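# Examination of the molecular architecture
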Amino acid sequence: MTIENLQAHYGFTRMPFSKNLAPQMLHRHATHAEAVARIGWCLTERALGVITGEVGAGKTVAVRAALGGLDTSRTTVIYQGNPAVGARGLYAGIVLALGGTPRYQKSMLIPQTAELLAAEEHERGRTVVLVLDEAHLLDVDQLEELRLLTNADMDSHSPFAALLVGQPTLRRRIKLGTFAALDQRIALRYAMTGMDPAETKTYLAHHLNLAGRADTLFSDDAAELIHQVSRGLPRAVNNLAIQALVAAFAANKSIVDESSARAAVTEVTTD
Ligand SMILES: Nc1ncnc2c1ncn2[C@@H]1O[C@H](COP(=O)(O)OP(=O)(O)O)[C@@H](O)[C@H]1O
Ligand SMILES: [Mg+2]
């Protein structure tokens, strides 16, 4: 079986449930819409925000959608996708992103970062948006750097907005004693949830529609089973839906029924 066979079997114009959807192709379920709106507010206010959610809840998608709504001529986005890569530290990453050469000593790097951030605002009229994705992986030193940076710059007038995006453990980490000061500066906290059963259904239909199938391809009980097992988390829905399409295709069915969904569950939950 090939992808081409599968696409031909269902008459898809492209594979459904793909990762890289353009912003205007996103499914606007409640938690997504709410996250995008709140992130947008946080960025306009130049505040510090924390977005949490389980793996595959749609955090990165929501952040990218919110960033996509920004005026690119007035905003500089610094997106750090993997904290482990920032081995030279948060400051060095910011300095590099703003076109500087990071000073070697930390005592000099902190003012350098603050100066560059201020220059971005006052000389170029641009607001910096710092996004730290997978922020639950930030180590103690990195969180401390962030605390210092927000101390230095967020007291009176803040020249930048910052978003910490990560798994639910992130919230607990920031609450720990050492970061109480950071915790107090958080203006936005939002935990993304799974979709509800009705949303999972429209989510499935939405992705299938983008692939060229506007009619109902998943039976109600198949969609319900996928919802239960995925708990409405988009990435898990994607994986189950693809496996269910494969199972129905292998059984030469034109509709994804409950038994196809069941086969998908077995496929996805056992390795
Ligand atoms: N609003 C949405 N519309 C369509 N697909 C979505 C949406 N949100 C998430 N997805 C799908 O779920 C996948 C996982 O989302 P992602 O943002 O990477 O999760 P997280 O960052 O929380 O781990 C995405 O690759 C995309 O396929
Ligand atoms: Mg992510």
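Definitions and limits used
- Residues numbered from 1 in each chain as written.
- Chains lettered and ligands numbered in written order.
- Predicted model: local features only at pLDDT ≥ 70, side-chain atom pairs only at ≥ 80, totals over all residues.
- Helix = DSSP H or I, 4+ residues; strand = E, 2+ residues; numbered from the N terminus.
- Buried ≥ 20, exposed ≤ 12 C-beta atoms within 10 Å, placed from the backbone.
- Contact = placed C-beta atoms within 7 Å.
- Core = buried A, V, L, I, M, F, W, Y, C linked by C-beta atoms within 7 Å.
- Domains from an automatic or database assignment.
- Nonpolar A, V, L, I, M, F, W, Y, C, P; charged D, E, K, R; others polar.
- Pairing = 2+ DSSP bridges.
- Axes fitted to C-alpha atoms, helices over the stretch in contact; angles between N-to-C directions.
- Parallel < 35°, antiparallel > 145°, perpendicular 65-115°, else oblique.
- Left-handed = near helix turned anticlockwise from the far one by under 90°.
- Near = placed C-beta within 6 Å.
- Expected span 1.5 Å × (residues − 1).

### Some words on the overall build of the chain
Scanning the chain from terminus to terminus reveals 12 helices and 5 strands. The dimensions of the chain, computed from C-alpha atoms along their principal axes, are 65 × 40 × 30 Å. Put simply, the chain has 271 residues, and 38% of those count as buried. For the chain, the proportion of contacts with a sequence separation of at least 24, taken over those separated by at least 6, is 75%.

### A look at the nonpolar core
By size, the foremost hydrophobic cluster in this structure holds 69 residues, and its most contacted members are Ile-39, Ala-62, Val-63, Leu-163, Ile-226 and Ala-244. Counting the residues that make up this core, at least three belong to each of domain 1 (3-12 + 195-269) and domain 2 (30-191).

### Quick word on the domain arrangement of the chain
Considered domain by domain, the chain is made up of domain 1 (3-12 + 195-269) and domain 2 (30-191). Placing the centre of domain 1 and that of domain 2 at their C-alpha centroids yields a distance of 36 Å. In terms of residues, the side of domain 1 that touches domain 2 owes the most to one element, helix 11 (residues 234-250), which gives 3 residues. For the side of domain 1 that touches domain 2, a count of residues per class yields 3 nonpolar, no polar and 2 charged.

### Some remarks on the pairing of strand 4 (residues 160-166)
Taken across its 7 residues, strand 4 has 7 buried, putting it largely inside the fold. Along strand 4, one buried face is formed by Phe-160, Ala-162, Leu-164 and Gly-166 and the opposite face, lined by Ala-161, Leu-163 and Val-165, is buried too. Across 5 bridges, strand 1 (residues 48-52) lies against strand 4 in parallel orientation. The partner of Ile-51 across the bridge, within strand 4, is Val-165. Where strand 3 (residues 127-132) and strand 4 come together, 5 bridges link them in parallel fashion. Pairing of Leu-130 across the sheet is with Ala-162, part of strand 4.

### Focus: the sheet that holds strand 2 (residues 75-80)
Ordered in space as 2-3-4-1-5, the 5 strands form an open sheet in which the pairing is parallel. If you trace the sheet from one side to the other, it starts and ends with strand 2 and strand 5 (186-191), each paired once. On average, adjacent strands in this sheet sit at an angle of 15° to one another, irrespective of strand direction. Relative to strand 3, strand 2 runs parallel, the two being bridged by 6 bridges. What sits directly across from Val-77, in strand 3, is Val-129. Across the sheet, helix 2 (residues 30-44) touches strand 1, strand 3, strand 4 and strand 5, and the angle it forms with strand 5 is around 170°.

### What to know about the packing of helix 9 (residues 197-210) against helix 11
Direction vectors running N to C along helix 9 and helix 11 enclose 55°, while the axes themselves pass 11 Å from each other. In terms of axis orientation, helix 9 runs oblique to helix 11. Regarding helix 9 and helix 11, the two cross each other, and that crossing is right-handed. Each of Thr-200, Tyr-203 and Leu-204 in helix 9 lies in contact with helix 11, whose residues at this interface are Pro-234, Val-237 and Ala-241. Counted by class, the contact of helix 9 with helix 11 contains 5 nonpolar, 1 polar and no charged residues.

### Let's talk about unusual backbone geometry
In this model, Phe-17 sits at a positive phi of 60°, which is unusual for a non-glycine residue. Looking at the secondary structure, you find Phe-17 in the loop between helix 1 (3-10) and helix 2. One non-glycine residue, Asn-252, lies in the positive phi region at around 55°.

### Points about the site of ligand 1
Neighbouring ligand 1 are 16 residues; Gly-58, Lys-59, Thr-60, Val-61 and Pro-234 lie closest to it. Each of domain 1 (3-12 + 195-269) and domain 2 (30-191) gives at least three residues to the shell around ligand 1.

### Some details on the environment of Ala-66
On the secondary structure map, Ala-66 appears in helix 3 (residues 59-68). Residue Ala-66 is classed as buried on the basis of its C-beta count, with 24 C-beta atoms lying within 10 Å. The spatial distance from the C-alpha of Ala-66 to the C-alpha of Leu-176 is 29 Å, given a sequence separation of 110 residues. Once residues within four sequence positions are removed from consideration, Ala-66 is found in contact with Val-36, Ile-39, Gly-40 and Leu-43.

### So, helix 9
Across its 14 residues, helix 9 extends 20 Å between first and last C-alpha, which sits within 8% of the 20 Å expected from 1.5 Å per residue. Along helix 9, the positions that sit buried rather than exposed are Glu-199, Thr-200, Tyr-203, Leu-204, His-207, Leu-208 and Leu-210. As for helix 9, its buried residues are in contact with helix 2, helix 10 (220-230) and helix 11. Two residues or fewer after helix 9 comes Gly-212, characterised by a positive phi angle close to 100°.

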